[in-house]
Amino acid sequence: TIKSLIRPTVEKQINLRKIDSADADSGKPGKVHFVPPVVKKPNLKNIPFRLVVIGVSAGGPEALNDLIPLIPSDFPLPILVVQHMPEMFTTFLAERLNLSSPLTVVEAIDGQRIVPGKILIAPGGIHMAVERSGRQDYVVLKDGPLVEGCKPSVNVLFRSVARQYDDVGIL
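So, a few notes on the structure that sits alongside this text. (Residues numbered from 1 in each chain as written. Predicted model: local features only at pLDDT ≥ 70, side-chain atom pairs only at ≥ 80, totals over all residues. Heavy atoms only, no water.)

## Quick look at the overall build of the chain
Right, on to step 1. If you tally the helices and strands in the chain, you get five helices and ten strands.
Right, on to step 2. Taken over 171 residues, the chain has a buried fraction of 35%.
Right, on to step 3. In the chain, the proportion of contacts linking residues at least 24 apart, taken out of those at least 6 apart, comes to 63%.
Right, on to step 4. By element, 55% of the accessible surface of the chain is carried by carbon and sulfur atoms, the whole surface being about 10500 Å². (Helix = DSSP H or I, 4+ residues; strand = E, 2+ residues; numbered from the N terminus. Buried < 20%, exposed > 50% of the residue type's maximum accessible area, 1.4 Å probe, protein only. Contact = heavy atoms within 4.5 Å. Areas by Shrake-Rupley, 256 points an atom, 1.4 Å probe, with all protein chains shown as cover.)

## A short note on the pairing of strand S8 (residues 118–121)
Right, on to step 1. Of the pairings in the sheet, the one linking strand S6 (residues 79–83) to S8 comprises three bridges and is parallel in character. Paired with Leu-80 across the bridge in S8 is Leu-120.
Right, on to step 2. Where strand S7 (residues 104–107) lies against S8, four bridges are found, and the strand directions are parallel. Residue pairing for S8: Thr-104 is matched across the bridge by Lys-118. (Pairing = 2+ DSSP bridges.)

## Structural notes on the pattern of salt bridges
Right, on to step 1. A full pass over the atoms with the stated rule returns three salt bridges.
Right, on to step 2. In this structure, Arg-132 and Asp-137 form a salt bridge, with 2.9 Å as the shortest nitrogen-oxygen distance.
Right, on to step 3. One network of salt bridges, with partners in common, ties together Arg-50, Arg-132 and Asp-137. (Salt bridge = Lys/Arg side-chain N within 4 Å of Asp/Glu carboxyl O.)

## Things to note about unusual backbone geometry
Right, on to step 1. Here the amide bond leading from Lys-151 into Pro-152 is cis, since omega sits at 10 degrees, within 30 degrees of zero.
Right, on to step 2. With respect to the helices, strands and loops of the structure, Pro-152 is situated in the loop between strand S10 (136–142) and helix H5 (154–164).
Right, on to step 3. Notably, Met-88 is not glycine yet its phi reads approximately 75 degrees, a positive angle.
Right, on to step 4. With respect to the helices and strands, the residue Met-88 is situated in the loop between S6 and helix H4 (89–100).
Right, on to step 5. A positive phi angle, near 50 degrees, is found at Glu-148, a position not held by glycine.
Right, on to step 6. Checked against the element boundaries, Glu-148 lands in the loop between S10 and H5.
Right, on to step 7. Owing to a relative accessible area of 64%, Glu-148 belongs among the exposed residues under this scheme.

Next up, the structure:
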């Protein structure tokens, strides 16, 4: 899952206790040794996806503050984010997330290339979509009516991704 690609898996969430067997056999209190949990770095090669798309609404900035710093600097996919927010707030959101992220986080610009290593945040008050030209993907920003009460709308971005990619996998 995407979550396992972003955050290294921890086989044990708690420290394991190991008691010396010689002390345990004698009936005397044994020495307790703490063994740290084993952390496996996820394999970021051969990911069967081309793009990560995140849509958030109420509670989204807090969720993004928790999630974005966990994405490793070698994450091989571009990431697009729509946060249901009004104009100007998304600029500050992108700047704040950029300070805590190993990747570059910016507010998207119309016509911007979608490339690995960048997290593009939809500007407030305008819809963000994806278009393809050959093998290159681009952000398209377009005005329009509210969609289900939101602009930018998660649904506008998700629908554009579904139209542009025939190999879309949804988690």
